[in-house]
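Summary of structural features
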Amino acid sequence: MRKLLFAVTILCSLLSFSQSKDFKISGKIVAEEDNTPLEAATVYLEREKDSSLVSYTISDKEGSFQLEDKTSDQNLNLLVSYVGYQSYKQKVAINKNNIELGEIKLKVSSNALEEVLIKTSAPVTIKKDTLEFNVKSFKTKKDATVEDLLKQLPGVEVDEEGKITVNGKEVNQILVNGKPFFGNDPSITTKNLTKEIIEKIQVVDTKTKSEAFTGEEGDAENKTINLTIKEENNKGVFGRVAAGAGTDKRYEFAGMFNHFNNDQRFSALVGGNNINSPGFSFGEIEKMFGSGGSTSWNSNGSFSINGRQFGGGQGITTSKLAGANFADNYGKALEASADYFYSGSSSENESNSQRETILSDSRFFTNSRSRSVSESNSHTANADFEIEIDTTFMINVRPRFSFTKTNTDYVSNDETLDEDQVLTNQSSLNSFVENQANNFTNEISATKKFGNKGAFLRLNLDNSINNNESDDYINSVAEVFGTNPETIVRDQFTDGDNNSTNLRADLEYRLPIKAKEIFVKFGYQYQNNKDENKQSTFDFNNATNAYDDFNLALSTDFEYTDTRNSPGIELSIRKEKWFARFGADYVARTLKNNDGLRPQFNVERDFKAVELNSSFRYSFSKNSTVYVSYNLSNRPPALRQLQAFEDVSNPLNTVIGNPNLSPTNSHSVYANFNSFNWQEKTGFFFYSNFTITNDAVVSRTTIDPETLTRITTYDNVNGNKNGYFGGSFRKKFKIDSLRSFRARVGMWGNFSENINYNNDVQYSSKRLGFNPNLGFDYIHNNVFEFRPRYRISLTNNKYDIDAFEDRNFTSHNLDLNTAFFLPKGFEWRNDIAYNYNPNVAEGFQKDAWFWNASVSYSVLKDKGLLTLKVYDLLNQNTNARRTATLDYIEDTQSTVLRQYFMLNFSWKFNSIGPKGESGDSSMYFID
């Protein structure tokens with residue numbers, strides 16, 4: 001009977017589609033007072049009977065617009081919205097295919113200067129540098145999160161890891177009503193706040209609070225999303241709890257509580273699982289499984305199945321977390337927010353590997369086995385205070401404290417064989433490490449504005465204090481064979497005490513040459529970083545039965561100091577369509593190291609350099625921009641690389657510094673272009689970077705041909721080049737009122753040309769990786785979703801040394817995501833990945849499937865959700881992989897999470913809005 005009803009429903013829908021007729025409406029938006037074309041006006045159609053949205057577009061730079069769609073309605077309401085102008089409404093009779101409306105003239109609004117007060121129900125609004133979406137215009141599945149909503153917005157992409165981009169630019173900050181929500185982790189906000197409480201989504205360039213206060217240009221390459229909650233939804237309690245139990249003793253639980261009272265917000269969360277899930281979610285398959293669990297081959301030819309990492313890396317991790325967040329305004333002068341997190345994890349992993357290392361004139365083989373068990377507990381607290389003394393003076397204070405304690409038990413066995421499979425050396429290690437770290441940082445920013453032309457004085461003070469204490473017990477045996485065999489036995493205890501204090505002070509003054517257009521900024525930066533590294537190693541004394549025999553060779557007592565003075569100047573020009581910035585800094589840096597145990601190795605080096613930074617952005621229209629930047633940076637060698645001290649902590653690899661190293665200079669050029677055509681529903685972006693590095697610091701290792709023991713030092717090389725590039729084109733099609741189709745074609749790649757050493761022989765390597773991809777989304781609302789993705793990875797490696805063969809790698813990756821929305825509240829989802837790599841060695845499977853699935857059922861009037869999910873339905877998860885690089889090939893296998901079934905129940909509660917509802921619950925569909 002249910003199947004019959006479902007079929008009848010679909011048939012009725014198809015009959016209604018057959019009655020729909022095509023139409024195209026065009027016109028031009030101009031200002032009434034002077035007939036100036038209005039670019040980026042929102043034009044949209046609504047049905048007369050229920051005001052539901054039919055279609056929308058944005059006017060181009062000539063003010064022209066065009067709307068194409070299908071409808072069975074005889075008449076539609078056309079509305080036009082533009083910031084600073086009165087909204088326009090007109091009834092349009094759908095009596096022919098092409099409807100020309102001519103010029104539509106908008107009148108200036110009486111409150112044009114107060115743009116933030118203008119209300120609009122337009123689906124998309126462009127206001128200067130802000131892109132705003134009206135949430136109720138975008139239909140999503142029931143019980144949708146903010147992440148689900150973002151996936152429906154034009155120009156917005158959310159990948160499998162939860163990373164968000166807007167027209168190719170990454171979102172690095174998400175705010176709720178202009179304030180942080182649980183620190184700097186956007187995924188907590190997007191995965192756990194529900195769509196129903198959100199009114200608007202605003203997208204802007206990322207700015208610090210001081211930059212927003214002074215009206216400076218923000219970070220054009222990163223975006224901030226601000227979620228605004230309408231007034232009636234900003235007072236009450238809402239949240240969600242969930243728990244699940246499965247086969248093989250698998251479990252998960254999560255809970256989130258939120259209390260909003262206008263400006264005051266309090267939130268708390270708790271969660272835990274033993275299914276390798278590092279995030280916080282409520283059991284949804286696409287959020288718990290993510291991209292982990294799918295088979296993948298890296299661009300260098302490596303092969304892996306379920307190569308996800310969390311906590312200590314591979315293996316199986318049990319995790320737990322808890323946190324709380326508070327924010328409030330105290331009068332008009334003070335905004336405060338604070339959050340606290342506790343997280344704990346325990347991980348177990350066993351790993352086996354076989355590596356073939358290729359030398360310039362020979363090769364050797366290494367077999368390794370290891371087992372690790374680790375536990376970690378950490379506490380983190382953050383606060384943010386914004387104090388606005390008056391309209392010209394603001395102070396921002398951001399303290400942060402963290403405490404982490406970790407225990408790790410590690411056992412390993414290694415053996416090395418020459419190319420004739422003769423054993424040359426072997427070692428075994430058993431260690432137990434207890435580590436405790438304390439960290440305190442504080443950022444203070446004080447900004448004073450002068451007049452109304454853009455002048456200001458800013459002082460930034462950043463400091464941090466870090467302490468790391470460790471107790472390390474090691475029992476190891478290393479055996480070297482050959483004509484001079486040697487056995488090195490160690491039974492030792494190392495007491496580690498590392499402390500660092502860092503201080504940075506920035507003073508900036510901006511002088512307007514032409515009010516709000518041309519500025520000169522004078523700056524000075526002082527930085528002092530001091531590190532104290534003390535490792536006291538004691539051998540076990542059989543006479544006293546204690547670790548009290550001090551080992552000088554394996555002990556260190558270093559005091560590093562890095563002092564930097566850097567005056568600078570910057571010119572910036574801001575025009576209506578373009579912005580340019582040119583800056584230069586003179587850097588004077590002193591690196592100093594005092595060795596308390598070996599004063600003969602004390603080092604003091606002075607470095608002087610000029611650093612340059614510049615950028616240019618041009619807006620062809622409100623929808624298309626190009627950005628170009630150039631930077632010259634100078635980076636000194638690390639102090640450890642400069643020290644001539646002989647580090648013999650690994651008896652098979654001795655490391656010696658080089659005090660004659662020079663600083664590294666890098667020239668980097670970056671460019672991107674992005675555009676979104678609202679009329680055609682198409683978006684395009686492209687980005688690229690090219691960097692040339694001189695005096696790059698590289699490792700230089702010499703291997704003893706008989707024992708295969710190694711001595712490593714460092715050297716400078718010139719001519720290293722690297723870069724990356726990528727782009728994407730996407731287009732949306734609306735088939736009818738219920739069905740839509742979105743296609744996407746993209747590519748990304750990288751290249752490099754590096755100078756390296758192989759067994760003291762210098763050589764050059766060139767690498768090019770290219771990864772085209774395509775995908776589409778087919779959506780039949782409330783019935784079916786189908787989202788396939790295909791990517792091919794092509795990699796070419798070339799070397800100018802005869803010992804290395806040029807290599808080409810190819811791999812294919814296909815992802816299939818489906819969702820079926822069945823009658824009576826059932827929902828069936830599948831995440832399927834198929835990968836094929838013809839390049840792997842014999843004995844390794846060339847293809848693999850990975851399939852996760854879930855079936856959910858809504859209960860308790862859609863407030864409850866019962867879910868049955870299965871991880872690795874085909875039970876093919878092995879975590880075996882092959883990695884091939886320029887000088888080695890390695891096969892590894894480690895502990896992996898295997899197939900399980902789990903039953904999960906989640907329940908949401910909500911008392912915000914009228915009668916516990918989140919305001920206007922109606923949803924409309926647009927593409």
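Structure's up top.
Let us look at the structure shown here. (Residues numbered from 1 in each chain as written. Predicted model: local features only at pLDDT ≥ 70, side-chain atom pairs only at ≥ 80, totals over all residues. Heavy atoms only, no water.)

Observations regarding the overall build of the protein chain
Scanning the protein chain from N- to C-terminus turns up six helices and 50 strands. Per-residue burial over the protein chain gives 47% buried out of 927 residues. Looking at the protein chain alone, contacts between residues at least 24 apart form 64% of all its contacts between residues at least 6 apart. When the accessible surface of the protein chain is summed, it comes to about 43,000 Å², and 53% of that surface belongs to carbon and sulfur atoms. (Helix = DSSP H or I, 4+ residues; strand = E, 2+ residues; numbered from the N terminus. Buried < 20%, exposed > 50% of the residue type's maximum accessible area, 1.4 Å probe, protein only. Contact = heavy atoms within 4.5 Å. Areas by Shrake-Rupley, 256 points an atom, 1.4 Å probe, with all protein chains shown as cover.)

Some details on the pairing of strand E18 (residues 264–273)
By the bridge criterion, ten bridges tie strand E17 (residues 251–261) to E18 in an arrangement that is antiparallel. Considered in E18, the bridge of Met-256 is made with Leu-269. Pairing of E18 with strand E21 (residues 316–330) involves nine bridges; the strand directions are antiparallel. The partner of Arg-265 across the bridge, within E21, is Ala-327. (Pairing = 2+ DSSP bridges.)

Some points on the sheet that holds strand E38 (residues 696–703)
With mixed pairing, the four strands of this open sheet are ordered in space as E34-E35-E39-E38. Edge positions in the open sheet fall to strand E34 (646–647) and E38, since each of these has one partner strand only. By the bridge criterion, three bridges tie strand E35 (residues 653–656) to strand E39 (residues 710–717) in an arrangement that is parallel. Within the sheet, the bridge partner assigned to Asn-653 lies in E39 and is Arg-710.

Brief notes about unusual backbone geometry
The residue Gln-421 is not glycine, and still its phi comes out positive at about 65°. Mapped onto the elements, Gln-421 comes out in the loop between strand E24 (393–418) and strand E25 (423–450). Relative accessible area serves as the criterion here: at 48%, Gln-421 is assigned to the partly exposed category. Despite not being glycine, Asn-875 shows a phi value in the positive range, around 55°. Tracing the chain through its elements places Asn-875 in the loop between strand E47 (864–871) and strand E48 (880–884). Judged by its relative accessible area of 38%, Asn-875 is partly exposed.

A word on the pattern of salt bridges
If you walk through the whole model with that rule in mind, you get 36 salt bridges. Residue Glu-216 pairs with Arg-458 through a salt bridge whose shortest N-O separation is 2.2 Å. With Glu-216 in the loop between helix H4 (209–214) and strand E15 (219–228) and Arg-458 in strand E26 (residues 455–480), this residue pair connects regions lying 242 residues apart in the sequence. Residue Glu-216 is classed as buried on the basis of its relative accessible area, which comes to 7%. Linking Glu-532 and Lys-530 is a salt bridge whose minimum nitrogen-to-oxygen distance equals 4.0 Å. Salt bridges here are not isolated pairs; linked through shared partners, they connect Lys-209, Asp-384, Glu-386, Arg-398 and Glu-443. (Salt bridge = Lys/Arg side-chain N within 4 Å of Asp/Glu carboxyl O.)

Observations regarding the sheet that holds strand E3 (residues 53–58)
If you walk across this open sheet you meet the four strands as E3-E2-E5-E6, and the pairing is antiparallel. Single-partner strands in this sheet number two, and they are E3 and strand E6 (88–93). Averaged over all pairs of adjacent strands, the angle between their axes in this sheet comes to 20°, without regard to strand direction. Sheet topology places strand E2 (residues 42–47) next to E3; five bridges connect them, and they run antiparallel. Looking across to E3, one finds that Glu-46 is bridged to Leu-53. (Axes fitted to C-alpha atoms, helices over the stretch in contact; angles between N-to-C directions.)

Concerning the nonpolar core
Counting residues in hydrophobic clusters, the biggest one holds 43 residues, and the most contacted among them are Phe-133, Leu-150, Ile-201, Ile-225 and Trp-678. In this structure Ile-201 touches Leu-131, Glu-132, Phe-133, Val-135, Leu-149, Leu-150, Leu-153, Ile-225, Asn-226 and Leu-227, once residues within four positions along its chain are discounted. Within the second largest apolar cluster, 22 residues are counted, among which are Val-43, Leu-45, Tyr-82 and Ile-99. (Core = buried A, V, L, I, M, F, W, Y, C linked by side-chain atoms within 4.5 Å.)

Structural notes on the pairing of strand E16 (residues 235–246)
As paired elements, E16 and E17 share eleven bridges and run antiparallel to each other. Pairing of Arg-240 across the sheet is with Met-256, part of E17. Taking the residues that link successive antiparallel strands as the turn, the E16-E17 hairpin has four residues, and the phi of Asp-248 there is positive, at about 55°.

Focus: the side chain of Ser-337
Here Ser-337 lies in strand E22 (residues 334–358). Apart from the residues within four sequence positions on either side, Ser-337 is in contact with Pro-180, Phe-326, Ala-327, Asn-382, Ala-383 and Asp-384.

Points about the side chain of Lys-731
Take Lys-731: it is sitting in strand E40 (residues 720–734). The charged side chain of Lys-731 is buried without a salt bridge, its nearest counter-charge being Glu-680 at 4.0 Å. Of the polar contacts made by the side chain of Lys-731, one reaches the backbone oxygen of Glu-680; its length is 2.5 Å. Those residues within four positions of Lys-731 in sequence are excluded, and the remaining contacts are Glu-680, Lys-681, Thr-682, Phe-741, Arg-742 and Ala-743. (Lys, Arg positive; Asp, Glu negative; His and termini not counted. Polar contact = N/O pair within 3.5 Å; in protein donor to acceptor, adjacent residues only side chain to side chain.)

Considerations on the environment of Gly-272
Within the fold, Gly-272 resides in strand E18. Sequence-wise, Gly-272 and Phe-253 are 19 residues apart; in three dimensions their C-alpha atoms are separated by 5.5 Å. What Gly-272 contacts, discounting residues up to four positions off in sequence, is Tyr-251, Glu-252, Phe-253, Ser-319 and Lys-320.

A short note on the packing of aromatic side chains
Scanning the entire structure with this criterion turns up 36 aromatic pairs. Measuring from centroid to centroid gives 5.8 Å for Phe-558 and Tyr-560, while their planes differ by 25°, and the two rings are stacked. Residues Tyr-687 and Tyr-724 carry aromatic rings whose centres are separated by 6.2 Å and whose planes lie at 50° to one another, so their mutual orientation is tilted. Remark: Tyr-724 occurs in strand E40 and Tyr-687 occurs in strand E37 (residues 682–694); sequence separation between them is 37 residues. The class for Tyr-687 is partly exposed, based on a relative accessible area of 22%. (Phe/Tyr/Trp six-rings, centres within 6.5 Å; stacked < 30°, edge-to-face > 60°.)

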